[in-house]
Amino acid sequence: MSSAVWKSGSFSSVLLGVMLLLSTGAMAAPNNTDARSPATGNGKDLIRNQASGEQPVQIAAGEADPANASEVDRPDDVATDIVKPGDWQYTALQNIATKYGCNANLNNKPVSQLEFARGLNTCLSKVEPMLAQQPGDATPPSVVPASGQPAVTKADLEVLTRLTQEYRAQLTELDGRLVATDKKVAQLQASQFSTTTKLKGEAVFNVTGLVSGGGSNSNIIFGDRVRLLFETSFTGQDKLWTRLATGNQSSLGSTLRFPSTTGAQVIETGGTNSVGVDWLAYQFPLGTGNAYVAAFNGLQADYAPTYSVVDDFTGATQGVSAFGEDSPIYKIGGGTGAGVTMPIAPSGIKSLSVGYFAFGANNPTVNNGVFGTNNSLLAQLNFQLSPQVEAGLTYINSSHEGGALFGGAGVTIGTNLANDNQGGITRANSYGAAIAFKPSEKLNFSGFVMTSNANRAGGTQNIWSYGAAIAFPNVDGNGSLAGLTIGAEPYVGGAGSTPFQLQGFYKYKFSDNISITPALIYLTATDETNRSSAVIGAVRTTFTF
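Quantities reported herein were computed from a predicted structural model and do not represent experimental measurements. (Residues numbered from 1 in each chain as written. Predicted model: local features only at pLDDT ≥ 70, side-chain atom pairs only at ≥ 80, totals over all residues. Heavy atoms only, no water.)

### As for the packing of aromatic side chains
Phase 1: Enumeration according to the criterion identifies 16 aromatic pairs in this entry.
Phase 2: Judged by centre distance (4.8 Å) and plane angle (40 degrees), the ring pair of Phe 116 and Tyr 167 falls under tilted. Here Phe 116, found in helix H6 (residues 113-133), pairs with Tyr 167, found in the loop between helix H7 (154-166) and helix H8 (168-191); they are 51 residues apart in sequence, far enough to count as distant.
Phase 3: For Phe 116, a relative accessible area of 0% gives the class buried.
Phase 4: Arranged with centres 6.2 Å apart and planes meeting at 15 degrees, the rings of Phe 437 and Phe 445 form a pair that is stacked. (Phe/Tyr/Trp six-rings, centres within 6.5 Å; stacked < 30°, edge-to-face > 60°. Helix = DSSP H or I, 4+ residues; strand = E, 2+ residues; numbered from the N terminus. Buried < 20%, exposed > 50% of the residue type's maximum accessible area, 1.4 Å probe, protein only.)

Below you can see the structure in the form of structure tokens.
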């Protein structure tokens, strides 16, 4: 049940006894037993039998007596809607709470009658089990029973009975609220998936195509992506992520006039809607920091801050362009591995992020495994320059065989030359800087620059990329978002035209669960060696649940 009161059953038995007594008119005058003597016999019966109300009730838990005897003689009299310090009811419950160790939550402040009844309810639930353990023979009040709890005196029971009688309406209301709450809790417990796991879902419909710059085989397509994320916590501070995913969004790059990997969209999977586990990772506290371990499909951005104002980490609720998400340096490497972010100071150099990942870590053959030829090692210093400004300096040492340099996130960005391993292994040292500036809740900026020194069979190539973004959160007051990104996708310096990209998007939020995002992506040069521009249009609908 949702309350300790219902676990002990004290409120129901005590209040029921009083209500039965009142309904039948049974009354009994208190005997001449010393008000300080312990209660004997059946404690529940005593509460029921002493609920007379015709005689003034002595306050026994402390030394305070009612200030006005005429008030005490009227059992149903609750003078105002507020019970305040100095009222005999307030003083009586306060003394009971102090003596028997129940938290009435009065705090020496005026409280409403319902709040007072809640405190009374707490003390009733505390006293009843004490009565059940109390011996039947009289015990001197100075003697503490074997249970270690003070003996409950008859006079204290009279006080509790009197208070129960006076606040029976509020106790009944509280009873109804608890019953309703317990029913709701029971319904949730009966229907919930797991006591440790939350299920989160995301479904994306995407209509996209080339507005211009397409070849003869260019068409408008309708793609999808679905993700079901099981988020599990065992301690309340850790998280185990297990994600099932499927999709069929193809790349438009092959239909450009000059085929390229530029202009890629975040949700591209190239699949056939086959369901499988596409992410398995665990995050947990490590000292004062956080550790992240990925068994499958981990990314650098899972544990290292990216300092982008248009990165939602799902690719389905902000921008459409994969390049526009964040710096391409975070798309270098990934797979299986671990990372950690350790705090350093509240400002200045705020923290340090370090991580190592490898593709093919589960493959025992040559050039694979945890320390194979497809790996990446990241180190990043994170800065808090002011309350509105954050920044990061990043270094990645990586090795790539048979995979794109900027394809670690599953979607390749940049030109063909920038990602070409030339039939061998690419070993790269990459350096990046990123900054985010959030002057207000309605206006955010971010920017980055990065370079990679890539050693390949054909020699060393200098690869560059840079960009900026501006976001207008909650632009309509309903949670919608407008954004603009501009920059140069990764390209080999001096090889030809610079592949600039400009993206504009507007995510219109229909509800907490549905949004539609129209977007345009303009490419100045889809391929470095051929200066051919293109425009990509997209309308993405995202359902979250």
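### Focus on the pattern of salt bridges
Phase 1: Inspection of every chain in the model, using the stated rule, returns 10 salt bridges.
Phase 2: As a salt-bridge pair, Lys 99 and Asp 156 come within 3.0 Å of each other at their nearest N and O atoms. Pair noted here: Lys 99 is in helix H5 (residues 88-100) and Asp 156 is in helix H7, with a separation of 57 residues, a long-range link.
Phase 3: Between Asp 326 and Lys 331 there is a salt bridge, with its nearest N and O atoms 2.8 Å apart.
Phase 4: Here the residues in one salt-bridge network are Lys 200, Glu 231 and Lys 239, joined through shared partners. (Salt bridge = Lys/Arg side-chain N within 4 Å of Asp/Glu carboxyl O.)

### Some details on the confidence of the model for the chain
Phase 1: In the predicted model, the chain carries a mean pLDDT of 83, and 81% of its residues have values of at least 70.
Phase 2: Note that residues 1-79 has pLDDT below 50 and, in this model, 147 contacts with residues that lie over four places away or in other chains.
Phase 3: In this model residues 137-144 is a low-confidence stretch, pLDDT under 50, and it forms 9 contacts with partners more than four residues away in sequence or in other chains. (pLDDT = per-residue confidence, 0-100. Contact = heavy atoms within 4.5 Å.)

### Here we look at the nonpolar core
Phase 1: Counting residues in hydrophobic clusters, the biggest one holds 49 residues, and the most contacted among them are Tyr 292, Phe 406 and Ile 463.
Phase 2: Counting residues per element, the ones that place at least two in this core are strand E6 (276-286), strand E7 (289-298), strand E12 (425-440), strand E13 (443-456), strand E14 (459-473), strand E15 (481-492), strand E17 (514-523) and strand E18 (534-544).
Phase 3: Counting residues in hydrophobic clusters, the runner-up holds 27 residues, among them Ile 96, Ala 97, Ala 104 and Phe 116. (Core = buried A, V, L, I, M, F, W, Y, C linked by side-chain atoms within 4.5 Å.)

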